[in-house]
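Secondary and tertiary structure notes
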Amino acid sequence: MIRTLVSRLDPRGDRTGTAGDVARPPGGVPRTDPALPGSFPALTDPSPPPAWSRLRRLARSPSYGHKARVRLISCRPSDPAALAFEHLRGHLLRSLPGNRMARIAVIAPTPDCGSTFATANLALSLSRISAFRTLALDLNLPRPGLAKAFDIRGAGALEDMLTGAQAPEKHLFRIGETLALGLNDRPVANASALMQGDAMWDVLDGIQNTLSPDITLIDLPPLLRDDTTRLVLPMVDGVLLVADGAHTTSRQIAECERRLSDRAPLLGVVLNRAAEGP
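Considering the environment of Leu-240
Within the fold, Leu-240 resides in strand β7 (residues 238-244). Using a relative accessible area of 3% as the deciding quantity, one classes Leu-240 as buried. As a C-alpha pair, Leu-240 and Leu-266 span 26 residues in sequence and 6.3 Å in three-dimensional space.

Details of the sheet that holds β7
Spatial ordering of the open sheet is given by β1-β4-β5-β3-β6-β2-β7-β8, a layout of eight strands whose pairing is mixed. Only two strands of the sheet have a single partner each, and these edge strands are β1 (56-57) and β8 (266-272). Both strand β3 (residues 134-138) and strand β6 (residues 215-219) contribute to a ladder of five bridges, which runs parallel. Considered in β6, the bridge of Asp-138 is made with Asp-219. Across the sheet, helix α9 (residues 198-211) lies against β2 (102-107), β3 and β6, angled at about 125 degrees from β2, the strand it touches most.

Notes on empty space enclosed by the protein
Inspection of every chain in the model, using the stated rule, returns one cavity of 30 Å³ or more. As a volume, the largest cavity reaches approximately 30 Å³. Around the largest cavity, the lining residues are Arg-103, Leu-135, Leu-137, Leu-204, Ile-207, Gln-208, Thr-216 and Ile-218. Sort the elements by how many residues they give to the lining of the largest cavity and α9 lands first, with three residues.

Quick look at the environment of Pro-48
One can find Pro-48 in the loop between α1 (19-22) and α2 (50-54). By relative accessible area, which is 42% here, Pro-48 ends up partly exposed. In the structure, Pro-48 is positioned 129 residues away from Glu-177 in sequence and 8.8 Å away in space, judged by C-alpha atoms. If we ignore the near neighbours within four places in the chain, the residues touching Pro-48 are Ser-53 and Arg-133.

Some details on helix α11 (residues 250-260)
For α11, every residue scored as buried is listed here: Ile-253, Cys-256, Arg-259 and Leu-260. Here the buried residues of α11 occupy an arc of 125 degrees about the axis, which is enough to place them on one side. The outward face of α11, more than 90 degrees from its buried face, is lined by the exposed residues Ser-250, Arg-251 and Arg-258. The elements touched by buried residues of α11 are β2, α10 (227-232), β7 and β8.

A few points about the pattern of salt bridges
Evaluated as defined, the whole model comprises nine salt bridges. Residue Arg-128 pairs with Glu-86 through a salt bridge whose shortest N-O separation is 3.7 Å. Pair noted here: Arg-128 is in the loop between α4 (115-127) and β3 and Glu-86 is in helix α3 (residues 82-95), with a separation of 42 residues, a long-range link. Under the relative-accessibility criterion, Glu-86 is labelled buried at 11%. Notably, a salt bridge pairs Arg-143 with Asp-112, separated by 2.9 Å at the nearest N-O pair. Here Arg-143 is found in the loop between β3 and α5 (146-149), whereas its partner Asp-112 is found in the loop between β2 and α4, with 31 residues between them in sequence.

Remarks on the confidence of the model for the protein
Close inspection of predicted coordinates is inappropriate in any region flagged by low pLDDT. For the protein, per-residue confidence averages 79 on the pLDDT scale, and 73% of positions sit at 70 or higher. Here residues 1-43 scores under 50 on pLDDT; set against residues more than four positions off or in separate chains, the count is 120 contacts.

Thoughts on the pairing of β3
The buried fraction of β3 is high, at five of five residues. Of the two faces of β3, the one carrying Thr-134, Ala-136 and Asp-138 and the one carrying Leu-135 and Leu-137 are both buried. Across four bridges, the pairing between β3 and strand β5 (residues 179-182) is parallel. Note on β5: the bridge partner recorded for Ala-136 is Leu-181.

Notes on unusual backbone geometry
Here the phi dihedral of Asp-151 falls at roughly 55 degrees; this positive angle occurs in a residue that is not glycine. Along the chain, Asp-151 turns up in the loop between α5 and α6 (158-162). Here Asp-151 falls in the buried class, since its relative accessible area comes to 15%. One non-glycine residue, Ser-212, adopts positive backbone phi at about 50 degrees. Within the element layout of this structure, Ser-212 appears in the loop between α9 and β6.

Each value, and the rule that gives it
- Residues numbered from 1 in each chain as written.
- Predicted model: local features only at pLDDT ≥ 70, side-chain atom pairs only at ≥ 80, totals over all residues.
- Heavy atoms only, no water.
- Helix = DSSP H or I, 4+ residues; strand = E, 2+ residues; numbered from the N terminus.
- Buried < 20%, exposed > 50% of the residue type's maximum accessible area, 1.4 Å probe, protein only.
- Pairing = 2+ DSSP bridges.
- Contact = heavy atoms within 4.5 Å.
- Axes fitted to C-alpha atoms, helices over the stretch in contact; angles between N-to-C directions.
- 1 Å grid on protein atoms, 1.4 Å probe; cavity = no way out; pocket = protein on both sides within 12 Å on 5 of 7 lines; lining within 4 Å.
- Points joined across faces, edges and corners; volume = space filled by probe spheres on them.
- Arc of directions from axis to C-beta.
- Salt bridge = Lys/Arg side-chain N within 4 Å of Asp/Glu carboxyl O.
- pLDDT = per-residue confidence, 0-100.

Below, the structure written as structure tokens:
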């Protein structure tokens, strides 16, 4: 298990650091990364299914978004900080089960550790791999953040799709050819009941079957603040844990590992806003 995949990632971007501060992987990261576009074949059929091709396509590419809550790094591959996400992407792809679609949960011990930041930038990094389809879902239903991260307004209520009241193709949309998003622009009052019910997972299973994404990244509520997260973890294939190097304690990380031990494989710990070593 990879203990620390990325260090010095800052979801507040220029408000608390510079681009040079944002990503300093321990020991440096080679500029030739095994997960560069084209080097990983799709885990599923490389040709997109009709349902994927029919998804609405966002007219513009993501931008930093001055009013966005988190900073998008991977939408600018020339940004030095994007190198850290190439590093994370490579480790993630090497750890995935072969020849199958994978659901990866991105969680944090407590709020504001950067799980939304990591989900958004990892999704954009994965989307640069040719013929590799990525779906990112905002299932942090009490406190959604991906729509703000992508600076997308009018994303709609994800709850309607998750309950079956709205068809997935009416809610989901694509950015480019390889990335689809399921965003949410309002908190869900009955989030716990919805996430523990069979109906939501039946909808997500249907999406998995019809869209055939190679990876589904799921931004979930903090593990130590919302026990619902632990209850739904058996539905995913692996977990990336995002810790805040400035505030998360070793005891909190150990408690997360304990809660994950019988629920889902821990693929790695992303150390965010870590102090730079000597």
